[in-house]
Amino acid sequence: MQIRDATISDIPHLAALFVTAFREDPDYDTAYPWRIAAPDDYARLVTAEVTQLFLKGQGRFLVVETEQRQVVAWACWTRKGSSAAAERIRAENDSVLKVVERTLYGLQEAVYYPFIQMFSLQPSVRDEGPLLKRFFEVYGRLAAKLYVGDLAEHWLLQKLCVDPGWRRQGIATILLNWGLDRAREEGVAITLNATRAGLAMYFKAGFVQVATCEVSMLDIQVPVMVWRPEGV
């Protein structure tokens, strides 16, 4: 197993792996109740969301691949904060070539994403947008209250998924440890929103649940987790 930075060419596979990894997850059944009935629409939506996250250029996309170069897991880490260290880390992800590559790809997606939102998705799928937007609004207000003081500077684990056929082999821990090592070096915290399936791993790694992001109309309760290095 080896870990490497993801490239734009990895995006379709990352999206497909995400769909597979969370196919049986009840949290995603709640957030996207139509995904089983409309699998093609869901796959297109996930691809668009992963693409947009990648094009923002603020996250460090990492993949774990086998010796046969099969990608079996990936994660997205983002350094939050306004310190010089945070600015430097984000700048490292913005080399000239990466910016040009993302810009060219982004021009394509600027046409593709609105198209699938407006025409490709079934009406029942498009109608979920306002509800999910409500969730992110609630989370945004919660984050504004939580991520202050010693949490103003932190690493955010935005995504982590493992191919179901490769679970329980320590692969998720490899991706988690990448962030833990950097957070320890910098003396900053890590934050993330956990699925129920991932709670045990995060508790074992020393995370604590500090809040729950809840949207009653969606029946969603997302644990907000924080890890702090010793002395912080």
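Up top you'll find the structure we're talking about.
These figures come from a predicted structure and were not determined experimentally.

Colleague: Account for the overall build of the chain, naming residues and giving values.
Modeller: The secondary structure content of the chain amounts to nine helices and seven strands. Sequence separation of 24 or more characterises 71% of the internal contacts of the chain that already satisfy a separation of 6 or more.

Colleague: Please provide a residue-by-residue account of the packing of helix H1 (residues 11-21) against helix H3 (residues 39-56), values included.
Modeller: Between two packed helices, the angle of one axis relative to the other and the distance separating the axes together describe the packing. Two numbers describe how H1 lies on H3: the axes approach to 9 Å, and their chain directions differ by 125°. Here H1 is positioned oblique relative to H3, judged by the angle of their axes. Here H1 and H3 pass one another in a crossing that is right-handed. From H1, Ile11, Leu14, Ala15, Phe18 and Val19 reach across to H3, where they touch Tyr42, Ala43, Val46, Thr47, Val50, Thr51 and Phe54. Residue classes in the contact of H1 with H3 are distributed as 10 nonpolar, two polar and no charged.

Colleague: Pulling in residues and values, what's your account of unusual backbone geometry?
Modeller: Notably, Arg69 is not glycine yet its phi reads approximately 65°, a positive angle. Along the chain, the position of Arg69 falls in the loop between strand S2 (59-65) and strand S3 (71-80).

Colleague: Can you tell me about a nonpolar patch on the surface, naming the residues and giving the values?
Modeller: There is a patch of nonpolar side chains on the surface, built from Met1, Ile3 and Ile174 and spanning about 240 Å² of accessible area. The residue Met1 is located in the segment before strand S1 (2-5) in this model. Owing to a relative accessible area of 46%, Met1 belongs among the partly exposed residues under this scheme.

Colleague: Before we move on, can you summarise helix H8 (residues 171-186) with the specific residues and values?
Modeller: For H8, spanning 16 residues, the distance from its first C-alpha to its last is 24 Å, which sits close to the expected 22 Å at 1.5 Å a residue. Residues Ile171, Ala172, Leu175, Leu176, Trp178, Gly179, Leu180 and Ala183 constitute the buried set of H8.

Colleague: I'd like to hear about the packing of aromatic side chains, residue by residue, with values.
Modeller: The full count for this structure, using the stated rule, is eight aromatic pairs. The interplanar angle of 55° and the centroid separation of 5.0 Å between the aromatic rings of Phe54 and Phe61 together place this pair among those described as tilted. When sorted by exposure, Phe54 lands in the same class as Phe61, which is buried. A centroid spacing of 6.4 Å and a plane angle of 80° characterise the contact between Trp77 and Trp155, whose relative ring orientation is edge-to-face. Of this pair, Trp77 sits in strand S3 while Trp155 sits in strand S4 (residues 154-162), and the two are 78 residues apart along the sequence. Aromatic ring contacts, followed pair by pair, group Phe18, Phe22, Phe54, Phe61 and Trp74 into a single cluster.

Colleague: Talk me through the nonpolar core; I want residue IDs and the actual numbers.
Modeller: Formed by 38 residues in total, the largest nonpolar core has its most connected members in Leu14, Phe18, Tyr42, Val50, Phe61 and Trp74. At the level of secondary structure, the elements contributing two or more residues to this core comprise H1, helix H2 (26-31), H3, S2, S3, helix H7 (129-146), strand S6 (208-215) and strand S7 (220-227). In contact with Phe18, not counting residues within four places along its chain, are Tyr28, Tyr42, Val46, Trp74, Lys159 and Cys161. In this structure, Leu157, Val162, Ala183 and Val188 belong to the second largest nonpolar core, which totals 27 residues.

Colleague: Could you give an account of the pairing of strand S5 (residues 189-193), with specific residues and numbers?
Modeller: Among the five residues that make up S5, four are buried, leaving the element largely enclosed by the rest of the structure. For S4 and S5, the ladder comprises four bridges, and the chain directions are parallel. Following the sheet pairing, Leu156 is matched in S5 by Thr191. Read from S4 through H8 to S5, the crossover connection turns out right-handed. Here S5 pairs with S7 via four bridges, running antiparallel. Bridging across to S7, Thr191 finds its partner in Val226.

Definitions and limits used
- Residues numbered from 1 in each chain as written.
- Predicted model: local features only at pLDDT ≥ 70, side-chain atom pairs only at ≥ 80, totals over all residues.
- Heavy atoms only, no water.
- Helix = DSSP H or I, 4+ residues; strand = E, 2+ residues; numbered from the N terminus.
- Contact = heavy atoms within 4.5 Å.
- Axes fitted to C-alpha atoms, helices over the stretch in contact; angles between N-to-C directions.
- Parallel < 35°, antiparallel > 145°, perpendicular 65-115°, else oblique.
- Left-handed = near helix turned anticlockwise from the far one by under 90°.
- Nonpolar A, V, L, I, M, F, W, Y, C, P; charged D, E, K, R; others polar.
- Patch = residues over 30% accessible without salt bridge, like charges linked within 9 Å, V, L, I, M, F, W, Y side chains within 5 Å.
- Areas by Shrake-Rupley, 256 points an atom, 1.4 Å probe, with all protein chains shown as cover.
- Salt bridge = Lys/Arg side-chain N within 4 Å of Asp/Glu carboxyl O.
- Buried < 20%, exposed > 50% of the residue type's maximum accessible area, 1.4 Å probe, protein only.
- Expected span 1.5 Å × (residues − 1).
- Phe/Tyr/Trp six-rings, centres within 6.5 Å; stacked < 30°, edge-to-face > 60°.
- Core = buried A, V, L, I, M, F, W, Y, C linked by side-chain atoms within 4.5 Å.
- Pairing = 2+ DSSP bridges.
- Right-handed = clockwise from strand over helix to strand, strands pointing away.

Function cannot be inferred from these measures alone, as they are strictly geometric.
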